[in-house]
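Coordinate analysis (summary)
Residues per chain are reported as follows:
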Amino acid sequence: MTVKSTWKRVAVGLTGAALALGLAACSAQPGVAVSVNGETYTEDAVGEVSLELSQIFGQFIEPAAVASLLIVEPAVVEVADANGIEFTEADARKRLASFEEEAGEPLSDATVSVFRMNELLKVLGSGPDAQAAQIQIAEAIQGLDAELNPRYGELDENNLMLPVTLDGVIDMREVQPN
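In this report, we go over the structure that sits alongside the text. (Residues numbered from 1 in each chain as written. Predicted model: local features only at pLDDT ≥ 70, side-chain atom pairs only at ≥ 80, totals over all residues. Heavy atoms only, no water.)

Here the focus is the nonpolar core. Among the nonpolar cores identified, the biggest contains 44 residues, and Leu53 and Leu124 are the most heavily contacted of them. Of all the elements, helix α3 (residues 63-82) adds the most residues to this core, at 12 residues. If we ignore the near neighbours within four places in the chain, the residues touching Leu53 are Gly58, Gln59, Ile61, Val66, Leu69, Thr111 and Val114. (Core = buried A, V, L, I, M, F, W, Y, C linked by side-chain atoms within 4.5 Å. Buried < 20%, exposed > 50% of the residue type's maximum accessible area, 1.4 Å probe, protein only. Helix = DSSP H or I, 4+ residues; strand = E, 2+ residues; numbered from the N terminus. Contact = heavy atoms within 4.5 Å.)

Set out below in structure tokens:
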């Protein structure tokens, strides 16, 4: 082995280590994908939700989309509550019972929350006040204390990311609060 090849290996190793450290430092807390209103979701949890939702909806749900959904979930629940729409975590678990039986274990709480949010969005989006609900959701999202690991994307000044790909979910980028 020559000195030149040894230095190449050392340089490649150090570059890889620096890259790994740089990526780990991207989030406020190592391993955290999303933090919203004090609730944190790890990268492992986001990956688990991605897999579970992919099975439920029959299409691959990107982890970045999951991160976005976890960010907007509290806002959607708040607006649904304000509009008298009830669909609880228990209601969501009942709808998801067949998936839990198939998997042989319960779905994660985060998956149930995202599924619940999606169902609430369907009701809000199909009601007579759908446009008003969209504006309320956009305003509620702006008020969230949200952080996103850069691996999943960036939040704009309104706490919004790229549109989500779940059927029935409202694209919040098209809604501009007054």
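Turning next to unusual backbone geometry. Phi is positive for Asn37, close to 50°, though the residue is something other than glycine. Within the secondary structure, Asn37 sits in the loop between β1 (32-36) and β2 (39-42). Overall, Asn37 belongs to the partly exposed group, its relative accessible area being 44%. Non-glycine residue Asn159 carries a positive phi angle of around 65°. Inspection of the secondary structure puts Asn159 in the segment after β3 (146-148).

Packing of α3 against helix α6 (residues 109-126) brings their axes to within 9 Å, and their N-to-C directions diverge by 50°. Looking at the two axes, α3 sits oblique to α6. For the crossing formed where α3 meets α6, the hand is left-handed. Across from Leu69, Leu70, Val72, Glu73, Val76, Val77, Val79, Ala80 and Asp81 in α3, the residues of α6 making contact are Ala110, Ser113, Val114, Arg116, Met117, Leu120, Leu121 and Leu124. Classifying every residue of the contact of α3 with α6 gives 13 nonpolar, 1 polar and 3 charged. (Axes fitted to C-alpha atoms, helices over the stretch in contact; angles between N-to-C directions. Parallel < 35°, antiparallel > 145°, perpendicular 65-115°, else oblique. Left-handed = near helix turned anticlockwise from the far one by under 90°. Nonpolar A, V, L, I, M, F, W, Y, C, P; charged D, E, K, R; others polar.)

A word on the sheet that holds β1. As summarised here, the arrangement of the 3 strands in space is β2-β1-β3, forming an open sheet in which the pairing is antiparallel. Both outer strands of the open sheet, β2 and β3, are each paired with one neighbouring strand and no more. Each strand axis lies, on average, 15° off the axis of its neighbour in the sheet, ignoring direction. Where β1 lies against β3, 3 bridges are found, and the strand directions are antiparallel. Within β3, the residue paired with Val34 across the bridge is Leu148. The strands that α3 touches are β1, β2 and β3; relative to β1, the one it contacts most, it runs at about 15°. (Pairing = 2+ DSSP bridges.)

Relative to the 18 Å expected for 13 residues at 1.5 Å per residue, helix α7 (residues 130-142) spans 19 Å between its end C-alpha atoms, a close match to the ideal helical length. The complete set of buried residues in α7 reads Ala130, Ala133, Ile135, Ile137, Ala138, Ala140 and Ile141. At its buried positions, α7 is contacted by α3 and α6. (Expected span 1.5 Å × (residues − 1).)

Under the definition given, this model contains 6 salt bridges. Here Lys122 makes a salt bridge to Glu119, at a shortest N to O gap of 3.4 Å. One end of the pair, Lys122, and the other, Glu119, are both in helix α6, 3 residues apart, so they sit about a helical turn from each other. Relative accessible area serves as the criterion here: at 33%, Lys122 is assigned to the partly exposed category. Here the residues in one salt-bridge network are Arg93, Glu100 and Asp109, joined through shared partners. (Salt bridge = Lys/Arg side-chain N within 4 Å of Asp/Glu carboxyl O.)

As for its position among the elements, Glu52 is in helix α2 (residues 43-57). Buried Glu52, no salt bridge; nearest opposite-charge side chain is Arg93, N-O distance 7.6 Å. Those residues in contact with Glu52, other than ones at most four positions away along the chain, are Pro106, Leu107, Ser108 and Thr111. (Lys, Arg positive; Asp, Glu negative; His and termini not counted.)

What is shown is where atoms sit, not what they do.
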